[in-house]
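Reading the structure
Listed here are the chains, written in short residue letters.
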Amino acid sequence: MLKAIIMDMDGTLLAPGDHILPETKQKLLELERQGVTLILASGRSYTRLLPYADQLDMAANGGYLIEVDGISLYDMGAGEREVLRRMDPSEIREVYTDLMHLNCEAQACFDDGFFDYFDEDIRRKKEQLRKERNLPDDFPWTAGPWDWLADLRSGYPNQTFVHSAEEINRPINKIQLMQDEDKIREIYDFLIRKYGDRFEIFRTCPRQLEILPKGYSKGKTLKRLMEMKGWNKDEVVAFGDGENDVSMFEVVDDSFAMANARDFVKAKARYETASNADNGIVQGLERLGV
């Protein structure tokens, strides 16, 4: 019997344009009415998850948020949030300093904001894009997971540009870094070699990497939640498209990689389903007879 569905956000639950497709939304609401618990698992913090959780009536139906790739668990029914781990500024200073010399944009994120750095080469790219798109003067300079320019102010209103890692002066949930896809692999390989024994390092989408505290992942926090709720492996279904979703696949029997996932992610899932643009979650559930 199905007890819970856990879903990644970007590239999984959210279609291009950052919205939930009507058919997917209807299916999930219907399952909640039947007693199925929804879990949103994301690299985002709760500030960027709550609008979607509200669309799915998750507070009224006792849903959960696994935030920032597993460092926090939010019980929406009880209105309680447990932060399991954050990183001290001194803990990330070395790796953040390295990132400042790797020609990428590095964002050290806390719940409702981040410290941001990018070099002059990236600034020139952004200036050209702003000109080509005729963006207003107050449009943010920040990058997002899909583009060199993205307005993240709704979830991260407190943004500070820094020139050195020493300017990061508060505990950090994660570091996310952006670069074009053809350069991400090189940066990933360097980080794994130098910091793989000290941090969790994931490719979350084609042009973004994330660096988190060692020993924390979506899968480990999902396992913790399953033990709390008494759910078995065959009672929870997982959907994802990024490397940070693989840990969820490892703790359930039925897991789905989206069609838009990279091959190394598909290889870790039990099944493949349609893309996030084609109601892949609905099609996956139908395959299971749900």
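Note that the structure is predicted; figures quoted are calculated from it, not measured.

Conventions adopted
- Residues numbered from 1 in each chain as written.
- Predicted model: local features only at pLDDT ≥ 70, side-chain atom pairs only at ≥ 80, totals over all residues.
- Heavy atoms only, no water.
- Helix = DSSP H or I, 4+ residues; strand = E, 2+ residues; numbered from the N terminus.
- Rg over C-alpha atoms; globule rule 2.2 N^0.38 Å.
- Buried < 20%, exposed > 50% of the residue type's maximum accessible area, 1.4 Å probe, protein only.
- Domains from an automatic or database assignment.
- Buried area = accessible area lost by both parts, 1.4 Å probe.
- Salt bridge = Lys/Arg side-chain N within 4 Å of Asp/Glu carboxyl O.
- Polar contact = N/O pair within 3.5 Å; in protein donor to acceptor, adjacent residues only side chain to side chain.
- 1 Å grid on protein atoms, 1.4 Å probe; cavity = no way out; pocket = protein on both sides within 12 Å on 5 of 7 lines; lining within 4 Å.
- Points joined across faces, edges and corners; volume = space filled by probe spheres on them.
- Phe/Tyr/Trp six-rings, centres within 6.5 Å; stacked < 30°, edge-to-face > 60°.
- Lys NZ or Arg CZ within 6 Å of the ring centre and 35° of its normal.
- Axes fitted to C-alpha atoms, helices over the stretch in contact; angles between N-to-C directions.
- Parallel < 35°, antiparallel > 145°, perpendicular 65-115°, else oblique.
- Contact = heavy atoms within 4.5 Å.
- Nonpolar A, V, L, I, M, F, W, Y, C, P; charged D, E, K, R; others polar.
- Pairing = 2+ DSSP bridges.

Take the overall build of the protein chain next. In terms of helices and strands, the protein chain carries nine helices and 16 strands. Since a compact globule built from 290 residues should have a radius of gyration of about 19 Å, the 19 Å found for the protein chain is in line with a globular shape. Dimensions of the protein chain, computed from the C-alpha atoms along their principal axes, are close to 55 × 40 × 35 Å. Out of the 290 residues in the protein chain, the part that is buried amounts to 57%.

By domain assignment, the protein chain separates into domain 1 (4-85 + 216-288) and domain 2 (89-213). Computed from C-alpha coordinates alone, the two centres of domain 1 and domain 2 are separated by 25 Å. Of the roughly 1800 Å² buried at the junction of domain 1 and domain 2 (both faces included), carbon and sulfur atoms supply 49%. Of all residues in domain 1, the largest losses of buried area upon contact with domain 2 belong to Arg48, Arg85 and Glu243, amounting jointly to 28% of the total for that side. The interface formed by domain 1 and domain 2 holds four salt bridges in total. Seen at the junction of domain 1 and domain 2, the total is 10 residue pairs in polar contact (both at pLDDT 80 or more). Here the side of domain 1 that touches domain 2 gets three residues from one element, more than from any other, and that element is helix H2 (residues 46-55).

This part takes up the layout of surface pockets. Of the pockets and cavities examined, the largest pocket occupies roughly 660 Å³. What lines the largest pocket is a set of 38 residues, and nearest its centre among them are Asp10, Gly11, Pro145, Trp146 and Cys205. For the lining of the largest pocket, the secondary structure elements donating two or more residues are strand S2 (14-15), H2, helix H5 (181-195), strand S12 (199-205) and helix H8 (263-266). Per element, the largest residue contribution to the lining of the largest pocket is four residues, and it comes from H2. The two domains that each donate at least three residues to the lining of the largest pocket are domain 1 (4-85 + 216-288) and domain 2 (89-213).

A few words now on the packing of aromatic side chains. Taken as a whole and assessed by the stated rule, the structure comprises seven aromatic pairs. With 5.8 Å between their ring centres and 90 degrees between their planes, Phe118 and Phe161 make a pair best called edge-to-face. Highlighted residues: Phe118 in the loop between strand S9 (113-117) and helix H4 (120-133) and Phe161 in strand S10 (residues 158-161), separated in sequence by 43 residues. Here Phe118 falls in the buried class, since its relative accessible area comes to 8%. By the ring-pair criterion, three or more aromatic residues cluster together here, those being Phe239, Phe256 and Tyr271. The residue whose ring lies beneath Lys126 is Phe118, and the NZ or CZ to ring-centre distance is 4.7 Å.

This structure, assessed with the given rule, holds 26 salt bridges. Across the pair Glu94 and Lys194 runs a salt bridge, and its minimum N-O distance is 3.7 Å. Residue Glu94 is located in helix H3 (residues 89-99), and its partner Lys194 is located in helix H5; the two are separated by 100 residues in the primary sequence. One salt bridge connects Arg198 with Glu94, and the closest N-O pair in it is separated by 3.1 Å.

As a packed pair, helix H1 (residues 22-33) and helix H9 (residues 280-287) sit with axes 8 Å apart at the nearest point and diverge in direction by 45 degrees. On the basis of their axis angle, the class for H1 and H9 is oblique. Contacts from Glu23, Thr24, Lys27, Leu28 and Leu31 of H1 reach H9 at Ile281, Val282 and Leu285. Residues that form the contact of H1 with H9 fall into these classes: five nonpolar, one polar and two charged.

Side chains on a regular strand alternate between the two faces of the sheet. Burial along strand S1 (residues 4-7) is two-sided: Ala4 and Ile6 facing one way and Ile5 and Met7 facing the other are all buried. Relative to strand S4 (residues 37-41), S1 runs parallel, the two being bridged by four bridges. When the bridges of S4 are listed, Ile6 appears paired with Ile39. For S1 and strand S14 (residues 236-240), the ladder comprises four bridges, and the chain directions are parallel. Paired with Ile5 across the bridge in S14 is Val237.

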